[in-house]
Amino acid sequence: MLSRALHYFLAVADQQSFTRAAAALYVSQPALSQQIRLLEQQLAATLFDRSGRQIRLTPAGEAYLPYARRALAQLQQGERSLRELDDLRRGALRLAFPPTLTASLIGPLVAEYHRAWPGITLTLEEQSQEQSAQRLRHGELDLAFGYAGGEHPQLNQQPLYEETLALVVNDRHPLAAATPCPLRALHDLPLALLDRSFASRMEIDRCLQRHGIEPQIQLESNAVSSLIALVSHGELATLLPASLAVDRPMLCVRPLMPGVLMRTVVLLRAPQSPPSAAALALIDLLTHHLAQRALRPPGH
């Protein structure tokens, strides 16, 4: 198989010796040499200079080496994924997401995933989209959730659904009765918002600037829970996804008119790394989860 030939080629390249490579691989030297010759025949190129006492890569071998390493890593990942598909009783999944999606999407999705595959070890991290994108590129995450529009051309972005930001106030706030709330009411309004490390905040700033609206931003936070607590017990308002205020009787959600604060939730992954079986299982479950949510009546 190709994976065996690549494995043998890399062993000889690293050991610079057929004898040492054969010993490291626990195979006979004739068997190793035969695999290398077959690979060279398939490539129509001589990969090793065998003329000296030490085996060296030819220019063709040097050129082929990085591709062989990547190809073998991909093949091994594919083999692991196939083995995992036979039995998802073990494995690991590293997932990141912005805090605005924790309650509405991540919580229900992960709970359902854990019930289906309790043997998969989940690592969940709330962080900004920029952090998630960087860690995906470095292979430190399997999947991440975020919002469309981020400048991450190296990542695959799969659109999931549309989300609307709304004005969130407590039931004593002067705008609690405004249904819907005109966007111009935000001018000079004291607000508590997520800080500028979050894509949500950047979208809010761009929208308000386009409409010439200058609110009084009196507080910034990197935690959604802090914003909700402050709005529930204080005089400030905030802009958050409407779903975050569900089942919170002290809070009132008021849609904004015109409804301009729309954004698309996306699934992010690195194209150079094929998803593991654990990641594929989450993607399949996500598709089912979103289909079921779309069938629910409004307000449920």
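Reading guide: rules and limits
- Residues numbered from 1 in each chain as written.
- Predicted model: local features only at pLDDT ≥ 70, side-chain atom pairs only at ≥ 80, totals over all residues.
- Heavy atoms only, no water.
- Helix = DSSP H or I, 4+ residues; strand = E, 2+ residues; numbered from the N terminus.
- Axes fitted to C-alpha atoms, helices over the stretch in contact; angles between N-to-C directions.
- Parallel < 35°, antiparallel > 145°, perpendicular 65-115°, else oblique.
- Contact = heavy atoms within 4.5 Å.
- Nonpolar A, V, L, I, M, F, W, Y, C, P; charged D, E, K, R; others polar.
- Core = buried A, V, L, I, M, F, W, Y, C linked by side-chain atoms within 4.5 Å.
- Buried < 20%, exposed > 50% of the residue type's maximum accessible area, 1.4 Å probe, protein only.

Visitor: Looking at this model, I keep getting lost on unusual backbone geometry. Mind explaining?
Guide: Unlike most non-glycine residues, Y26 shows phi in positive territory, near 60°. Here Y26 lies in the loop between α2 (18-25) and α3 (29-43). Notably, D188 is not glycine yet its phi reads approximately 65°, a positive angle. Position of D188 relative to the elements: it lies in the loop between β7 (181-182) and β8 (190-194).

Visitor: What is the right way to read the packing of helix α1 (residues 2-15) against α3 from this model?
Guide: To describe two helices that pack against each other, one gives the angle between their axes and the distance between the axes. It is at 9 Å that the axes of α1 and α3 come closest, and there the two elements cross at 110°. Between α1 and α3, the angle is such that the two are roughly perpendicular. Contact residues: α1 offers R4, A5, Y8, F9 and V12, while α3 offers A31, L32, Q35, I36 and L39. A class-by-class count of the residues in the contact of α1 with α3 yields eight nonpolar, one polar and one charged.

Visitor: Can you help me understand the nonpolar core in this one?
Guide: Generally speaking, soluble globular proteins have nonpolar side chains that are buried together. Counting 27 residues, the largest nonpolar core has L105, Y113, F145, L160 and L286 as its most contacted members. The element contributing the most residues to this core is helix α9 (residues 277-295), with nine residues. In contact with L105, not counting residues within four places along its chain, are F145, Y161, V265, L286, H289 and L290. Counting 22 residues, the second largest nonpolar core, distinct from the first, contains A5, V12, L32 and L47.

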